[in-house]
Structures are given as C-alpha cells and as structure tokens.
Amino acid sequence: LGAQEASGLEARVRTTNGVPRIEIDGKPTRSRIFFGNPRGGRIDVGKVPEVISFEFEAIQDSGGEATFHFRFGQEPGRCWIDDFHIEEVATKRAVIGPLTFENGLTDFEENWRFWPTGEDNTVGKVTVAAAAGGKALQVQLTKPKKDKWPDYHIFTLPTLKLTGGKRYRVSFRGWADKERKWSLGCYVPG
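First, a word on scope: everything that follows refers to the structure included in this document. The model shown is predicted, which means the values in this text are computed figures rather than measured ones. (Residues numbered from 1 in each chain as written. Predicted model: local features only at pLDDT ≥ 70, side-chain atom pairs only at ≥ 80, totals over all residues. Heavy atoms only, no water.)

### So, the pattern of salt bridges
Just so we agree on the cut-off: Any Lys or Arg side-chain nitrogen found within 4 Å of a carboxyl oxygen on Asp or Glu counts as a salt bridge. Per the convention used, a helix needs a DSSP run of H or I reaching at least four residues, while a strand needs a run of E reaching at least two, with both numbered from the N terminus. Note on classification: 1.4 Å probe, protein chains only; a residue is buried when its accessible area is under 20% of the maximum for its type, exposed when over 50%, partly exposed between these limits.
Per the counting criterion, the structure on display carries eleven salt bridges. Asp 151 is the partner of Arg 71 in a salt bridge, and the nearest nitrogen-oxygen pair spans 2.8 Å. Taken as a pair, Arg 71 in strand S7 (residues 67-71) and Asp 151 in the loop between strand S12 (134-141) and strand S13 (153-156) lie far apart in primary sequence, 80 residues in all. Given a relative accessible area of 18%, Arg 71 falls into the buried group. Note that Glu 75 and Lys 178 form a salt bridge whose closest N and O atoms lie 3.6 Å from each other.

Written out as structure tokens, the structure is:
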C-alpha cells in the first residue's frame, strides 16, 4: 500500500515474508486489530456492581498468545472487577476464569499484570478488597503530579487461546466509585 501523510507522520503497510506489518515513519508499530465490540470497545460502568457481558468473534487464531486489557480512563477514582471469565460460545470452553480474587493478590499475580511498571507508573495501584459479598480486584487511580497520565491498564497474561471465526463471551462484574467509561481490548501483542 502507498503512504499517507497525517500530522507529519508517514504510515505504511509493508509485507515481509508474506506477513503485513504497519510502520509509522519506517518503524514497526504494534497492530491491535483483534477485538471487536459493537460499542467500539468502550463500556459505561456505574457505581453499583453489575454483570457486564458481551460477545465478539476472533478474526484470527491467537496461537495461545492473546491478552485481554482493561483501561479505566484518565481520572482519579477506584474501580473494581470480579468474576472475570471468557468462554467460547458454542462449546462453553473456558478460555480463562472465572477469576474471583478470593485468594487475594495471588489470583491477580497468577493471571494478570499492569502497565506501566516501576517509576513510570505514577497513577495506578492494584489491591484485592472486600466488596459486594466477597473479594474483588480494586484499581486505585490517583492524579499524576504533572497532569501527564500514562496509559495505565491491567491485562491478562498473553496465554489466551482463541480461534479465528469462533465467537467468545466475555463476562465480569464491574463497578466504580463514580460513573466512568472503561476501554476493553483483546489482541495478540507484538
């Protein structure tokens, strides 16, 4: 494909060994074209624990390397997730979960990570707290000192096995201390 100029950047799709790769200004860019959601990957989350469930079709095989991401927006507050589960719709095969966090941070550490880490993480902290009749993952977001929000998010380890053309159901309980929008994504990194 040809190049397009946008905001002074050059975007190209180059094929190497039969595999297309997106490049911005000649540098490979991680493609994130795996997840589909009728609401564009953004959901409204309220203050009351609610089961959130939706389906998507995998557009490619993941090779056992897909990962699911939660982004909570760029505003201070607390968010909770519990009972996270992905299953193949036709067979009810569990891809992951349900993850209940009843074993505390051990459940998080065995299945999840957050980014950024170390000194680059100026806004997010994960804990497991008593909530809504059990325990839930709590994400605490604080305003960064210089108003520069990093792309803080949590994600499952990249071990999800999805098959192109098959439908999957994602479900979890989610809520926050105030109404907000979360962005969700499922893709193969790299």
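Once the structure has been displayed, the description carries forward.
### Focus: the pairing of S13
Note the cut-off: Between any two strands, at least two bridges found by DSSP are needed for them to pair.
Burial along S13 is two-sided: His 153 and Phe 155 facing one way and Ile 154 and Thr 156 facing the other are all buried. Examined bridge by bridge, S7 and S13 share three bridges and lie antiparallel to one another. Each residue of the ladder has a partner; that of Phe 70, found in S13, is Ile 154. Where strand S10 (residues 112-115) meets S13, four bridges bridge the pair, whose relative direction is antiparallel. Each residue of the ladder has a partner; that of Trp 115, found in S13, is His 153.

### Points about the side chain of Arg 169
To keep things clear, this is the line we draw: A 3.5 Å cut-off defines polar contacts: any pair of N or O atoms within that distance qualifies, except that in protein one atom must be a possible hydrogen donor and the other a possible acceptor, and neighbouring residues in sequence count only when both atoms are side-chain atoms. Working rule for contacts: check all heavy atoms of both residues, and any pair within 4.5 Å makes them a contact.
Structurally, Arg 169 is set in strand S14 (residues 167-176). A polar contact of 2.8 Å, which involves the side chain of Arg 169, links it to the side chain of Glu 55. Polar contacts involving the side chain of Arg 169 include one to the side chain of Glu 87, which spans 2.8 Å. Setting aside its immediate chain neighbours within four residues, Arg 169 contacts Ser 53, Phe 54, Glu 55, His 85, Ile 86, Glu 87, Val 89 and Lys 92.

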